[in-house]
Structure formats: structure tokens, C-alpha cells
Amino acid sequence: MFSSSTEEVGVTPECGQTCGVSPNDRSGVNETTSYGPPSTSSSSSHQSLREGSSSSSHGLSLPRMASGQLHHSFTLGKTSSSVLATTSDSSSLRSRGGTPKLWRTAGSAGATGIHPARTPLTDHTVTSCSSATSTSGASVIVAVVEGRGLARGEIGIASLNLKCPELILSQFADTGAYAKVITKIHILVPLEILMPDTVSEKGKGTKLFNLITENFPGVAFTAIQRKYFNERKGLEYIQQLCAPEFGTVLMEVQAKYYCLAAAAALLKYLEFIQNSVYASKSLKVSFKGSEQTAMIDSASATNLELVVNNRDHRSEHTLLGVLNHTKTPGGARRLRSNILEPLVDVDTINIRLDTIQELLQDEELFFGLKNAIGHFLDIDQLLSVLVQIPKQETVQVAEAKITHVIQLKHTLDLVPRLRLVLKNCNTALLKAYSTSLEDNRFDMMLEQIKTVINDDTTYLKGSLNMRTQKCYAVRPNINEFLDIARRAYTEIVDDIAGLVNQMGEKYGLPMRTSFSTARGFFIQMKLEGLVLPEGKLPAEFIKVTKHKNNYGFTIADMMKMNDRCDEALREIFHMSYVVTCQLLGTVHEHIHCLYKLSDAVSMLDMLLSLANACTISDYVRPEFTDTLAIKQGRHPILERIVGQQPVSNNSYISEGSNFVIITGPNMSGKSTYLKQVALCQIMAQIGSFVPTEYASFRVADQIFTRIGVDDDFETNSSTFMLEMKEMAYIIHNVSDRSLIIIDELGRGTSAEEGIGICHTVCEFLLSLKAFTLFATHYLELCHLESLYPNVENQHMEVQHTRSADTGAESVVYTYLLNRGCSEERHYGLRAAEMTALPSNIIQEAKIIASKVSQQLLAKHHSDPETQRQRAVYHLATRLLQTARNSRLDPDSLRMYLKGLKKQYEAELQAAEPPASMDTEEE
Ligand SMILES: Nc1ncnc2c1ncn2[C@@H]1O[C@H](COP(=O)(O)OP(=O)(O)OP(=O)(O)O)[C@@H](O)[C@H]1O
């Protein structure tokens, strides 16, 4: 069967030379006439390559991490139910039976919560992961360790992306629901999680372990002996592996024992599972505390559909989908991680906004940059493979190495173009990137590469194209045997084209040569208008497949030629590998400048993407003040879904009015409005323009949401428990600079209890300076506005129309937000009227509902505690205003305060029982 990667070579029966592999295409290859003796014996070196000989025999001069670290590869699918004997040296970590002693996996996932199934981490896993957003594309291994005893709650995390050679460390305090750990791991999209084996001793897991296995059921979990979580070893590893330009991280982490311990276990584990080790001084190591970014817990990220759509995981109706116009995998990854962890530093945000503004104003720069960036490959992934030293040398490794050199050349070839585009830019960030790209290491590497690799060798899409590039990558006259092998290869390819010609003529059929990685060369024929001799395919056509509108097949001679072709290629790749290894050895010392390039390309790609989003819809540059003020804000995802501008709304939240209660009937747009505010806030904090006419934000250090899940997939009790857990998390973690979105709290229980919970939660949040938007169906909560000066009631307006024919009333949703509490009553019953419920039931329900609400209202107004609270808050507000505005002299102020005291006493007397005056006297 033909895969979609099947390529047509374009060889027509009359043009056998157009396979793209003709020697005429490669200047110089055919000109080689004298072949001196080989520098190494062709047969012996070839043999050693197959057998996985030591790299030194091929002159591979990349430094190894340490001697004695050439471990055997092993099968990861195997599990061991017991911890093998422990010894300290690394060689003893190797299992005699093939399973290393470093880790253990539980015998049964059910009993312990350990998931024994692990995804083998092979080269294939590394290279086949391409999605930046889905878990299927996961390539990050995370090690997590928690302090014990008094240090419980102190968490150390180390993670390494197999596609990006950056070791990220973090350490922070996290107790209770361990929301920070869970959120951090969610953001990393792990392929595998490592923890010390002590987290699940005797079948009983620690709270953190249970939470992690519950939250990441599809992620492989591996328990590693606790002794490998060794901070001293972690520090040694980092000293050994960290690239010099990131050396300052050592100062940051040297006393952060838990993240160092996690790093030790992670790096030791990676040594075993990957068939390679990281070269010395090659890794980017960074410490990411939680203070530089705003914290968005994973439930909130899900509620707001930041990177995944809740209904359809493949849908692009997410904030990432709206903003993602990136051209490179690195850019997409950066955008995703920024959305999940927006910035908190206003200066950095403004620098990004300046850049976007410049990109929007300067069309030439915008398109120039877009073109330059669009050709870059995944530089992180390239770096990752370049800084790893394979422990085995196989034909695949050799072929991959040549590809990496071609990719490196392709990448470096693009640098001058990028420099040129950035040359005349004005804003700080673009200037900084322009300066950082002036680094002459890029040119030095390219010069060195060009001494060995052909000038026109470049990265191309398509398996045959790349095969050709690899085949002719090394310049002629560098290795005589290579030139001979290439000549042989070219001849075989020409023979194949000739054979297809002959076959076409023999049977009078329109055949053409095709190529796919799986089949090699084969023959293709269009089904359309095909008249077969004797109505069937000739018997010598074998391995026939039918795909779409084509027959694919081969013949015995062609299969033999394919074998000869492969043999010639093996020779070519082997000899090219030796040359490219030597080349990489010489450029290796400069390779770290690619970290700079990767940073520049991913950031520029992300900013271009954000600028691009502004050209699709009308976005404006946000400001940062102490107030959240939005004029005509729109929901960015809804706008994308409906394809036209949704109804826009204003928002205003300030310190003096930091709690907004939003009421309105079902379907009136409350949830949409709440999410819109949070999404605009996040967009602004990643440095994006926002879908409004004007917007000012107060930087939020945390964004919390409590948004109801769909009733149909949660039972009432579990909905309620979830609500309570989410609220508990908010209450424990909220700060004065948080943004909180709460939608329909307390609906998973009785109305009375629901109102009680909402009331108490509101009062707690009202004591903070956090900005809160609280949507509810409990109209009783609107009275908080009269009790607290910082509460403001708003409602979603609806209109009623009556049909002239039937007299039936219907509701028109305006989606407009207005001041005050909703006037709508019993809208739930009105919604029920539209269903098949019998009318007598609805009438009865209306009567009961009206009685209950009258009783509740009367009870509330006569409640002494409510009156006392009202008096206290009136006094507090007046005192606050006086303190702020007063220019009174001391005597007048005293008189004024006495007056206030009398007024307060009078208000208190109206409430029963009388309250003590102690507090007020003070
Ligand atoms: N500003 C808007 N402009 C256009 N359409 C909107 C707007 N806001 C909401 N809608 C539409 O109305 C639908 C219902 O909105 P939403 O779910 O926000 O209502 P709600 O008041 O939260 O309802 P409920 O109380 O039942 O949860 C949305 O799915 C959306 O299609």
C-alpha cells in the first residue's frame, strides 16, 4: 500500500535521467577520476559500523560524559516486580537480564497505582514526536521528589524534553491539593514521570503520588530507588553538562536540594533509556521558579479552553488555536507555554507589545521576517540530537547523523537572511535579537561545514529528495571510496529508470518510477483509462497494491536492483558518516550558539503569530494600570467560531469596586462574559493585543476559575465535591493580585446550602483585594451590594416579545451587560415551560417558588446580624473616604468622627442583640 509519503520521482519512460539522482545533477561527482588507497579499510569499517563498534574507531571526537558510560541498550517493555540489589557505581545499575536496576515497576497497576506499561524511548520516539500540543506528541521526562519529615511539601522537579536539550529545574513549596505540582506537570505534557520508589511503599502511596497517578492516568510512571535522588550527584551532573553560557544557573540552584536530587535521578535514568548520552558542557540548564509567571491551575486552563477544546480535543477552538499562526515547532511550543504561564513583569510584556506594534506598522519587516522564519526547522530538536553521543553505531545512526549535518547547514544558511531582515528594526527586542545573531560562531561553523559539505546541499521535504541530499552531501574528492560508491549508486538508479522504460514499451503501458521509504523504487501506473493486455496485470508484476487511482508493483529484477541500491547507499552513508563525525567534532565547540538562534527564532515566530492574529481581527494594544477596564471586549474564541463579531461588553474592576456579581437567566451570556475577561487578561499578559476597543489590566499573579462542568457527565454529588475542592484550592492560594472567575457556585446542592456557601465564599473573597467576577443564579446574593462598598451588581439583559398570533411569550437574549441585579424571576420555570412538562406542574411550581423567595427575603431583612454588618461597613466606608479626602484640621476631624460614632450607635441599636463598642472605640 502506498503511504501518503509516497513520492513520484517524475521519471517518464523517455527521461530516465530525471530521477533527481542523476550524476549530472551533482557537479563534481563524475569528475573524480583518480582513486587513491582508502584511508580505512572499507570492508572492516563497514563491518564495525554494523556491529556497533566504538565511535573512536571512526574518529568521532565529541567528548563523552565519562568513561565507562557506554551502556547497552535494553528492552524497556520488560518490568520487574522487585527492586534488584543496589550498588553505587553506574555499571552495577545495569541489569544482567537486560532490565536495569535503576528503577522498579509495580507488578500490578491496580494495586499500587503504578502504571507498568512504559513507552519505549527509542530514536523513533524522539523523532516522530512533532505535535507541540497533544499528549501523543509528548517527549518530556519529568522527575518529581518531595521533601520528607519537616520538609514535606517542599517539591523539586527536573524535566528534560527529548526534543530539546534543556534541563529545567524548579523548586517550590506546595501542600494541600498539590495544585502547583500538578499544574507544572500538566504544562510540561510529560511522556513519563519518575518518582522515588518510597512514594508507594507497601502498596500505599503518598498523597502526592496518588494525585499524580490520578491526574496523569495515560502517562507512564516509573519508580526509581530513592538513593538516585541525590542532590550532590545532581550538582555534579549540572557542573559537567551545563553549557558555559548558562553557567550562572549553578549559583541559583546550588542550595536547592530537591530540584538537584530530581535532576540526578532524571539524568541517570536518561543515560539508561536513551541509547546515547549528552556531551559534556552541552545542555542548557535553567531554573524556573514560580514567581516570574502567573499561575493558572490546570482546572482553570481546562475551563478556559486555553490549549485544548473541551468537546473536541482536535478542535482549534481554543485560545492557542486563535493565536497560533506560528511557522516553526519551536514557535508553537513557546506560544503554548506562554499561554499556560503568562508573564507578570510589565516591562517584559511592554517590550513584546512594542515589537508587535512595530511588526504591524512595518509591513516589509513583517513579511520579511515571516519569510525568513518560515524556513527554519525545529532547532531545539536539532540541538538535542547534536549534543547527544550515540552509544551504538548502526546504519540508521550513520544516516541520521548525515541528516543532522544537512539540517545544521540548512539552519546556518538561514542566519544571514534573518540578520538582514532585523538590521533596521527599531524596537528593543528586535534589536537585541539582531545583536545576538551577530555572533560570528554561526559563520565559523558554516565555513567549516562548507569545506566538507556541498554548497547546494540543503534540507528538502520528501524521502527521495532527502536520500539524494544525503547521498551527495559530502564534497567529491574527500573520500575516494565514497565517490566510487556514489557512482555505483547513480548507475543503479539509471538502470532502474531504464528497466521501467523497457517494461513500459514491452507491455505498452504508461509506467513511471516511484519511490517510497518502505518499498524503495517501484513502478506506478494510473488506473484511469488503463487497458490491460488480456484484461489483467502481467504475471511478472509482483507485490501489487492499489491505492487511490494508482497501481503500484515491482518486478523481480527491480527488487534485485533495489537491494544493490541499498548496498551502495550503506557504503555511501557509512563513509559520509565518518567524514561528518570528524566535521561535527570540529564545529562542536561552537554549537551552543544554536541555543541563541533557537531562542530568537521561537520568540520571533511567536510574536509574528501574535501580530498575525491582529490582522485577522481588530485587536488593540492593552495598557497596564491598577484597574481592569475594558471597552467593548469580545470573546476571542467565540469570535473565531461564529466568524463574526459577537456582542461586545464593557468591564470595570478596581480596588474600590473589586467584586462584581453577575446575574441573568440561563443562556443569557454570563459564562461567556466571564471567560472573555479571563482570556483577554491572559492575552494581555503574554504580550498580545486584545479583542477590545480599549483595555487596561492589572497584572494578575494568579488566575483562578471555578466554572461548572456539564451536568450530564457528573452526578450531583461529584459535581458538588468538585466545586468544593476547587473553591478550597482558590481560598488557600488566592492573593490580593489574583483574578478570580466563579460561575454558578453551589448548584450541586440544595438552594439553601448553595446560597449559604456562596455567601460565605463571597464574604471571604470580599476581604481581599483580588478582582472577582461572580456569576450566579442566586439573586439573593445581590444584597451584598448594599452591605459591602466594593461589590457591584451587574446583569445580562434580556427582552421579552409576545407572538401576535399565539400570544406566547419568548425571550430575546441581548448578551448586553448592564448595572444592577437581574429583574428576571423564575426563568428556570420559563425555560421548563418550553419543554413537555405538564402546565399544571409548572403553575404549582411558580406559586411555591414565589412563596419561598418572599419568605427568604423577609427573613434576611430582619436578620440582626445583617443589619450589624451593614452598620459596620457603612462606618468603614465613611472612615475610609474621610481618611482619603480629608483636609480638615484636627478639631473639625474629631467633631466629624464623633458624628459618625453617633450615627453608628444608632444603626446598631436598630439591630438586636446590641454589639460591643470595643472595636469601634479603638
Ligand atoms: N456576547 C455574546 N455574543 C454573541 N453570542 C453570545 C454572547 N455571549 C453568549 N453568547 C451565546 O449564548 C450562548 C450561551 O451563553 P452562556 O453559556 O454564556 O450563557 P449563561 O448565561 O452562562 O447560561 P447558563 O446560566 O445556562 O450557564 C453561548 O453559547 C453563545 O453562543
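Along each chain, numbering runs from 1 in the same order as the chain's sequence is written. This being a predicted model, a pLDDT of at least 70 is required before a residue's local features are given, and a value of 80 or more before pairs of side-chain atoms are given or counted; all residues contribute to the totals for chains, interfaces and linings. Values reported for side chains reflect all heavy atoms of the structure, with hydrogen atoms and water molecules removed beforehand.

Which entries qualify depends on this criterion: UniProt positions are given in the numbering used here, feature names are shortened, and annotations may be inferred rather than shown by experiment.
Labelled according to an unreviewed UniProt entry, the protein chain appears under the name DNA mismatch repair proteins mutS family domain-containing protein, originating from Eleginops maclovinus. Its UniProt record gives the protein chain the following Sequence similarities (unreviewed entry) comment, quoted word for word: "Belongs to the DNA mismatch repair MutS family."

1. Things to note about a nonpolar patch on the surface
Test applied: Each patch is built from residues lacking any salt bridge and having more than 30% relative accessible area; the joining distance is 9 Å for like charges and 5 Å for nonpolar side chains (Val, Leu, Ile, Met, Phe, Trp, Tyr). The protein chains shown are the only cover counted for residues, whose accessible areas, like all others here, come from Shrake-Rupley with a 1.4 Å probe. By salt bridge we mean one thing: a side-chain nitrogen of Lys or Arg within 4 Å of a carboxyl oxygen of Asp or Glu. Here a strand is any run of E in DSSP of at least two residues, a helix any run of H or I of at least four, and the numbering for each starts at the N terminus. For the exposure calls, accessible area comes from a 1.4 Å probe over protein chains only, and a residue counts as buried if that area is under 20% of its type's maximum, exposed if over 50%, partly exposed in between.
A surface patch of nonpolar side chains, about 450 Å² in accessible area, is lined by Val-647, Met-667, Tyr-813, Tyr-815 and Leu-816. With respect to the helices and strands, Val-647 occurs in the loop between α22 (636–642) and β18 (649–653). Classification of Val-647 by relative accessible area gives partly exposed; the value is 34%.

2. Some words on the sheet that holds strand β16 (residues 623–624)
Test applied: DSSP-based pairing: two strands are paired if at least 2 bridges between them are found. Note on contacts: a residue pair is in contact if any heavy atoms of the two residues lie within 4.5 Å. Simply put, an axis is a line fit to the C-alpha atoms, just over the touching stretch for a helix, and the angle between two N-to-C directions goes from 0 to 180 degrees.
The four strands are arranged β16-β20-β17-β18 in an open sheet whose pairing can be described as mixed. Only two strands of the sheet have a single partner each, and these edge strands are β16 and β18. Sheet topology note: the strand β17 (residues 628–633)/strand β20 (residues 694–697) ladder contains three bridges and is antiparallel. Looking at β20, one finds that Lys-631 is bridged to Tyr-694. Here helix α23 (residues 670–686) sits on the sheet and contacts β16, β17, β18 and β20; the angle it forms with β18, its principal contact strand, is near 70°.

3. Some thoughts on the site of the ligand
For the record, the criterion: The nearness test applies per residue and asks whether one of its heavy atoms lies within 4 Å of the molecule or strand. By the criterion applied in these results, polar contacts are pairs of N or O atoms within 3.5 Å in which, for protein atoms, one can donate a hydrogen and the other can accept it, and in which residues neighboring in sequence qualify only through two side-chain atoms. Side-chain classes follow a simple rule in which Ala, Val, Leu, Ile, Met, Phe, Trp, Tyr, Cys and Pro form the nonpolar group, Asp, Glu, Lys and Arg form the charged group, and the remainder, Gly included, forms the polar group.
Around the ligand, 14 residues are found, and the nearest of them are Val-647, Met-667, Lys-670, Ser-671 and Thr-672. Here a nitrogen atom of the ligand and a backbone polar atom of Val-647 are 3.0 Å apart. Here an oxygen atom of the ligand sits 2.8 Å away from a polar atom, N or O, in the main chain of Met-667. Here the ligand has 630 Å² of accessible area as a free molecule, and 75% of this is covered by the chains. Among the elements that line the shell around the ligand, the one with the most residues is α23, at three residues. Across the shell around the ligand, the residue classes tally to six nonpolar, six polar and two charged.

4. So, the pattern of salt bridges
With the rule as written, the count across this model stands at 25 salt bridges. Between Glu-567 and Arg-570 there is a salt bridge; the shortest N-O distance is 2.7 Å. Taken together, the residues span about one helical turn, with Glu-567 and Arg-570 both in helix α20 (residues 556–587) at a distance of three residues. You can call Glu-567 partly exposed: its relative accessible area is 35%. Judged by its relative accessible area of 28%, Arg-570 is partly exposed. Glu-792 is the salt-bridge partner of Arg-819, the closest N and O atoms lying 3.8 Å from each other. Within this pair, whereas Arg-819 is found in strand β25 (residues 809–819), its partner Glu-792 is found in strand β24 (residues 791–802), the two being separated by 27 residues in sequence. By sharing partners, the salt bridges in this structure join Glu-245, Asp-439, Arg-441 and Lys-596 into a single network.

5. So, helix α19 (residues 480–507)
Filter applied, for reference: To estimate how far a helix should reach, multiply one less than its number of residues by 1.5 Å.
Under the 1.5 Å per step criterion, the end-to-end length of α19 is 41 Å for 28 residues, consistent within 8% with the ideal 40 Å. In the segment just after α19, Gly-508 is the residue with positive phi, at about 60°.

6. Points about the state of the cysteines
Applied cut-off: By definition, disulfides here are pairs of cysteine sulfur atoms that lie within 2.5 Å.
The full count for this structure, using the stated rule, is one disulfide. The disulfide that involves Cys-782 links it to Cys-821, with 2.5 Å between the sulfurs. Note on the Cys-782 and Cys-821 pair: the S-S dihedral is about 70°, so by sign convention the disulfide is right-handed. In this pair, Cys-782 sits in the loop between β23 (771–775) and α26 (784–787) while Cys-821 sits in the loop between β25 and α27 (827–833), placing the two residues 39 residues apart along the sequence. For the unlinked cysteine Cys-758, the closest cysteine sulfur is that of Cys-762, found at 6.1 Å. Using a relative accessible area of 0% as the deciding quantity, one classes Cys-758 as buried.

7. Remarks on the confidence of the model for the protein chain
Detailed reading of the predicted model is not advised wherever pLDDT is low. To keep things clear, this is the line we draw: Confidence of the predictor in every single residue is expressed as pLDDT, which spans 0 to 100.
In the predicted model, the protein chain carries a mean pLDDT of 78, and the fraction of residues at 70 or more is 77%. Note on residues 1–135: pLDDT under 50 across the span, and 274 contacts to partners over four residues away in sequence or across chains. Long-range and interchain partners of residues 914–922, a stretch whose pLDDT sits below 50, account for 10 contacts in this model, where long-range means more than four residues apart.

8. Some remarks on the nonpolar core
Spelled out, the test is: Among the buried residues, those of types Ala, Val, Leu, Ile, Met, Phe, Trp, Tyr and Cys that are joined through side-chain atoms within 4.5 Å form a nonpolar core.
By size, the foremost hydrophobic cluster in this structure holds 178 residues, and its most contacted members are Leu-167, Leu-306, Leu-323, Leu-418 and Leu-594. Ranked by residues supplied to this core, first place goes to helix α21 (residues 593–616) with 15 residues. Apart from residues lying up to four places away in sequence, Leu-306 is in contact with Ile-296, Ala-301, Thr-318, Leu-319, Leu-320, Ile-339, Leu-340, Leu-679 and Ile-682. In this structure, Met-295, Ile-661, Leu-768 and Ala-770 belong to the second largest nonpolar core, which totals 27 residues.

9. Focus: the pairing of β18
On β18, burial follows the alternation: Asn-649, Ser-651 and Ile-653 on one face are buried, whereas Asn-650 and Tyr-652 on the facing-out side are not. Pairing geometry for β17 and β18, over four bridges, is antiparallel. Residue Leu-628 lies in a different strand from β18, and its bridge partner there is Ile-653.

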